[in-house]
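What follows is the residue order along each chain.
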Amino acid sequence: MVKRAGSAAAELADGSEDEVEGEAEPSRAAQIYEELRNRLLVGRIMPGVGISTRVLAQELGVSPMPVREALTRLAAENAFEIRSKRRITIPEMTAERFDDLLHCRLLLEPDAAERSLPFLTRSIRAEMKRIDNAMGVALKNGDVAGYMEGNFAFHFAMYRAQPHRTLAHLIETLWLQFGPYMRVVYGRFGTTNLVDQHQVALAAIEAGDAPALRAAIASDIADGMGLIGRSGL
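None of the values given here were measured: they were computed from a predicted structure.

Colleague: Would you explain the packing of aromatic side chains in this entry?
Modeller: Here the distance between the centres and the angle between the planes together describe a pair of aromatic rings. If you walk through the whole model with that rule in mind, you get 5 aromatic pairs. With centroids separated by 5.2 Å and ring planes inclined at 55 degrees, the aromatic side chains of Trp175 and Phe178 adopt a geometry described as tilted. Remark: Phe178 and Trp175 occur in helix α8 (residues 165-189); sequence separation between them is 3 residues, near one turn of the helix. By relative accessible area, which is 2% here, Trp175 ends up buried. Residue classification places Phe178 among the buried positions, given a relative accessible area of 4%. Grouping aromatic residues by their ring pairs yields a cluster made of Phe152, Phe156, Tyr159, Trp175 and Phe178.

Shown next, in the form of structure tokens:
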């Protein structure tokens, strides 16, 4: 019988495994949380693959305790599904969940882009152009991981320029949930048939055109999320 996610998360967090461990250092748990969060954001953790606390702990060179704490935090953000101590996975991308994520992204991200426009300094704009150029190179070389990391860096160089930290954080929680699926889709289908909405966005930024920037970001989201929808994930 499958346990409820909440009780499974509590069991994972209580540390009752084969050996008794001391309390994890809060700073260590926070570092591992950030590491796992970053892996999710750029699709370095794949859906359909079981997550092992012990394997992650060995890979990161830490005890299982801070890994369990980080996984529990990420499960609360809907990034992981904890069914038991040994059944931790990326949540399934159902049609309902896909529509919900798409709706929330279209609500938040164009708004964040518009709010960021007055704060996009020359240096930030130059960095966004550099990132977009690097993404083009990654795409030509078939470097899906590099493309994903560049895509995240491009968007959040913009979103984090505006001072509303809650808005950027909410957007990150959405990326945690679809990032692993985008990694799969880009690996299968690529992005060569998509319009480069980043270039459209950069042109809108240079022109100071807020409506055009909102439209470019909305189109970029619809194009990328459309790949997930069409792939049947």
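Colleague: Please explain the pattern of salt bridges as it appears in this structure.
Modeller: If charged atoms from side chains of opposite charge come close, those side chains can pair. Under the definition given, this model contains 12 salt bridges. Among the salt bridges present, the one from Arg105 reaches Glu109, with a minimum N-O distance of 2.5 Å. Residue Arg105 and its partner Glu109 are located together in helix α5 (residues 95-116), separated by 4 residues, close to a single helical turn. Residue classification places Glu109 among the buried residues on the basis of a relative accessible area of 0%. Between Glu206 and Lys129 there is a salt bridge; the shortest N-O distance is 3.2 Å. Taken together, the residues span a long stretch of sequence, with Glu206 in helix α9 (residues 197-207) and Lys129 in helix α6 (residues 122-140) at a distance of 77 residues. Each of Arg37, Glu77, Arg160 and Glu172 takes part in a single network of salt bridges with overlapping partners.

Colleague: It is not clear to me how the nonpolar core should be interpreted in this structure. Could you clarify?
Modeller: Looking at soluble globular proteins, one finds that nonpolar side chains tend to be buried together. Among the nonpolar cores identified, the biggest contains 63 residues, and Phe80, Met158, Leu213 and Ile228 are the most heavily contacted of them. Element by element, the count of residues in this core is highest for α8, at 10 residues. Residue assignment places this core across two domains, with domain 1 (28-90) and domain 2 (95-230) each supplying three or more. Sequence-distant contacts of Met158, that is, excluding residues within four places in its chain, are made with Ala113, Ser116, Leu120, Met128, Ile205, Leu213 and Ile217.

Colleague: Explanation requested: the side chain of His198 in the structure shown.
Modeller: Looking at the secondary structure, you find His198 in helix α9. Taking the relative accessible area as the measure of exposure, His198 reaches 4% and is therefore buried. Within the structure, the side chain of His198 is placed 3.4 Å from the side chain of Asp132, a separation counted as a polar contact. Those residues in contact with His198, other than ones at most four positions away along the chain, are Asp132, Met135, Asn151, Phe154, His155 and Asp220.

Calculation rules
Residues numbered from 1 in each chain as written. Predicted model: local features only at pLDDT ≥ 70, side-chain atom pairs only at ≥ 80, totals over all residues. Heavy atoms only, no water. Phe/Tyr/Trp six-rings, centres within 6.5 Å; stacked < 30°, edge-to-face > 60°. Helix = DSSP H or I, 4+ residues; strand = E, 2+ residues; numbered from the N terminus. Buried < 20%, exposed > 50% of the residue type's maximum accessible area, 1.4 Å probe, protein only. Salt bridge = Lys/Arg side-chain N within 4 Å of Asp/Glu carboxyl O. Core = buried A, V, L, I, M, F, W, Y, C linked by side-chain atoms within 4.5 Å. Domains from an automatic or database assignment. Contact = heavy atoms within 4.5 Å. Polar contact = N/O pair within 3.5 Å; in protein donor to acceptor, adjacent residues only side chain to side chain.

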